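Listed below, chain by chain, are the residues.
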Amino acid sequence: MDMFNCLRRGQFHISPEPGGKRMRKTKARMRSLHHVQSLRKLSAPAQAFRLTAVAHLHRSAQLLQHRKEMAAEKPWALISEVSENGYIEEAVDIMGANFNLICHKDFLLNPQLHGPKIQSVFVWNNDPPVQHSLLSSLPSLKVVANGGVGIDHLDVPYITSLGVKVCNTPDVVNNATADMAMGLLLASARKIVECHQVSIDPKTTHIPLCLMGVEVTGSTIGIIGMGRIGYKIAQRAKGFDMKILYHNRHRRSVEEEQSVGACYCQNMDDLLKESDFVVLVVNLTAETKGLISHREFSLMKPTATLVNVSRGLVVDQDALVKALHSESIRAAALDVTYPEPLPRDHPLLHLPNVLITPHVGTNTYTTTKKMIQQMVDNAVAAVKGLPVPNEVRPEGKN
Ligand SMILES: O=CC(=O)O
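Residues numbered from 1 in each chain as written. Predicted model: local features only at pLDDT ≥ 70, side-chain atom pairs only at ≥ 80, totals over all residues. Heavy atoms only, no water.

Within the protein chain one finds 16 helices and twelve strands. Residue burial in the protein chain is summarised as follows: out of 398 residues, 46% are buried. Pairs at least 24 apart in sequence give 64% of the contacts found in the protein chain among residues at least 6 apart. A total accessible area of about 21400 Å² is found for the protein chain, and carbon and sulfur atoms account for 56% of it. (Helix = DSSP H or I, 4+ residues; strand = E, 2+ residues; numbered from the N terminus. Buried < 20%, exposed > 50% of the residue type's maximum accessible area, 1.4 Å probe, protein only. Contact = heavy atoms within 4.5 Å. Areas by Shrake-Rupley, 256 points an atom, 1.4 Å probe, with all protein chains shown as cover.)

Formed by 56 residues in total, the largest nonpolar core has its most connected members in Y87, M95, F99, F122, I221, I223 and I233. Considering every element that reaches this core, the biggest residue donor is helix α16 (residues 365-384), with nine residues. For this core, the two domains that each supply at least three residues are domain 2 (76-172 + 368-383) and domain 3 (174-356). Membership of the second largest hydrophobic core comes to 30 residues, among which are V314, A319, L348 and V354. (Core = buried A, V, L, I, M, F, W, Y, C linked by side-chain atoms within 4.5 Å. Domains from an automatic or database assignment.)

In this section: the site of the ligand. Close to the ligand lie G148, V149, G150, R311 and H359, which account for all nearby residues. Contact distances for the ligand include 2.7 Å between an oxygen atom and a backbone N or O atom of V149. Between an oxygen atom of the ligand and a side-chain N or O atom of H359, the distance comes to 2.6 Å. In isolation the ligand exposes 190 Å². Once the protein is present, 82% of that is buried. Split by residue class, the shell around the ligand holds one nonpolar, three polar and one charged. (Near = heavy atom within 4 Å. Polar contact = N/O pair within 3.5 Å; in protein donor to acceptor, adjacent residues only side chain to side chain. Nonpolar A, V, L, I, M, F, W, Y, C, P; charged D, E, K, R; others polar.)

Once that is clear, we can look at the packing of helix α9 (residues 174-189) against helix α11 (residues 228-239). Where α9 contacts α11, the axes come no closer than 8 Å and their chain directions differ by 55 degrees. By the angle class used here, α9 and α11 are oblique. Like other packed secondary-structure pairs, α9 and α11 cross with a definite hand, here right-handed. Seen from α9, the contacting residues are N174, N175, T177, A178, D179, A181 and M182; seen from α11, they are R228, I229, K232, I233, R236 and A237. Among the residues making up the contact of α9 with α11, the classes are represented as six nonpolar, three polar and four charged. (Axes fitted to C-alpha atoms, helices over the stretch in contact; angles between N-to-C directions. Parallel < 35°, antiparallel > 145°, perpendicular 65-115°, else oblique. Left-handed = near helix turned anticlockwise from the far one by under 90°.)

Once that is clear, we can look at the environment of V144. With respect to the secondary-structure elements, V144 resides in strand β4 (residues 143-146). Taking the C-alpha atoms as reference, V144 lies 37 Å from L271; in sequence the two are 127 residues apart. If we skip the residues at most four places from it in the chain, V144 touches V121, V123, V130, L154, I159, V164, K165, V166 and C167.

Within the secondary structure, V130 sits in the loop between β3 (118-123) and α7 (132-136). The buried category is assigned to V130, whose relative accessible area is 12%. For the pair V130 and V321, spaced 191 residues apart in sequence, the C-alpha to C-alpha distance is 32 Å. For V130, the residues in contact, after removing those within four places along its chain, are V121, V123, L135, V144, L154 and I159.

Of note, N248 is situated in the loop between β7 (243-247) and α12 (254-260). A polar atom in the side chain of N248 sits 3.0 Å from the backbone nitrogen of M226. Beyond its immediate sequence surroundings of up to four residues, N248 is in contact with G225, M226, G227 and Y264.

Another aspect to go through is the confidence of the model for the protein chain. Confidence in the prediction for the protein chain averages 88 pLDDT; 81% of positions are at 70 or higher. With pLDDT under 50 throughout, residues 1-45 is counted as low confidence; its partners more than four residues away or in other chains account for 55 contacts. (pLDDT = per-residue confidence, 0-100.)

Here we take up the packing of aromatic side chains. Summed over all chains, the structure comprises three aromatic pairs. Between F99 and F122 the ring centres are 5.3 Å apart and the planes differ by 90 degrees, which places this aromatic pair in the edge-to-face class. Of this pair, F99 sits in the loop between α4 (90-96) and β2 (100-103) while F122 sits in strand β3, and the two are 23 residues apart along the sequence. Taken as a pair, F99 and F122 share a single burial class, namely buried. Taking the centre distance of 5.1 Å and the plane angle of 50 degrees together, the rings of Y246 and Y264 count as tilted. With a gap of 18 residues between them, Y246 in strand β7 and Y264 in strand β8 (residues 262-264) connect regions that are remote in the sequence. For K117, the ring lying beneath its charged end belongs to W76, and the centroid distance is 4.2 Å. (Phe/Tyr/Trp six-rings, centres within 6.5 Å; stacked < 30°, edge-to-face > 60°. Lys NZ or Arg CZ within 6 Å of the ring centre and 35° of its normal.)

Summed over all chains, the structure comprises zero disulfides. Considering cysteine sulfurs only, C265 is the nearest to C263, which forms no disulfide, with 7.3 Å between them. Using a relative accessible area of 8% as the deciding quantity, one classes C265 as buried. (Disulfide = S-S within 2.5 Å.)

We now examine the environment of V173. Inspection of the secondary structure assignment puts V173 in the loop between β5 (165-167) and α9. By relative accessible area, which is 1% here, V173 ends up buried. Along the primary structure V173 and D93 are separated by 80 residues, whereas in three dimensions their C-alpha atoms are 21 Å apart. The contact partners of V173, leaving out residues within four places of it in the chain, are V149, I229, T362, T367 and M371.

Further remarks concern α16. With 20 residues, α16 extends 29 Å from end C-alpha to end C-alpha; this agrees with the ideal 28 Å at 1.5 Å per step. Note on α16: the residue one or two positions beyond its end, G385, has a positive phi of about 75 degrees. (Expected span 1.5 Å × (residues − 1).)

Okay, structure coming up:
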């Protein structure tokens, strides 16, 4: 049974070394080959064989000792698991280079034993859930390192009140999330999923008129939330010759606006009235919860499309269902819903003018690996008591 299978089944704690197994084996083989060659030059074959065997044993013992020492030095981190709904396998190498890892399932078998040694919790897809009960069983905890930007699932004021740092992974998620927003926008506008269905349907004989889409090039995009990801979306929209409107708590500098050709709408209503595509990229906070509801839908054009890559709760979903059902807007393309996944009988799943993806904005190997590395870098700094690069402080404490 290999290490990943063990971890998948939650059977073992792991402490892999950096560099990868294959590379280590190759290096070890080359070292012993070199050793054998030098010995052969010096001695008779039988003697060389005995000396080589002894050298091998000696080397293995040294390696074992080194591994034990390394493992003993590394701090412990609590993780969810490497599985279909957990981490990619590469995560074990990235996190294991600096931490001894223990899966949540293993941890729960004996929290009293494992709790005191844990210094970091790595949270991925809200897992393990950082509840007060978990925190109270981790007396040595120094950091909760979240994978992703959104930290609405973490009680930041409470966690920090315990002297525990909270950090996230901004920047590295920007491009993948912006790509996803544009992907949803294009797929909805050009009915790409419906086109695929028609293309593979054995009964298809012609291109039905219902596959007619709406033009993206030259249309107006309204970006609500012009932070790092919103700005990346604007850069992409510029490439489609779109007119770009944005609404944000803080206006961007003139240079930033000019470089993408974006116009600021201080009043969000103006953006809603004018946009062909309204794209939501805000953080979920008390202010943005239910930001788009009945009134906002009534301001949007009947030809408009809502794209949401922020959080499901930013949209009043009942109001959305009503707007889509009555065709008071053209369509919605959502990477986020509330809850996730939606109950299988949820009305959104049965409307023809909605496209839903399962919160996969950052889901590329490149971005995922960068996020995990950033979580590790943050956690290492926190454990060492150094400034944490992406520390999140409670609102108003920056
Ligand atoms: O949802 C993704 C993120 O919070 O980065």
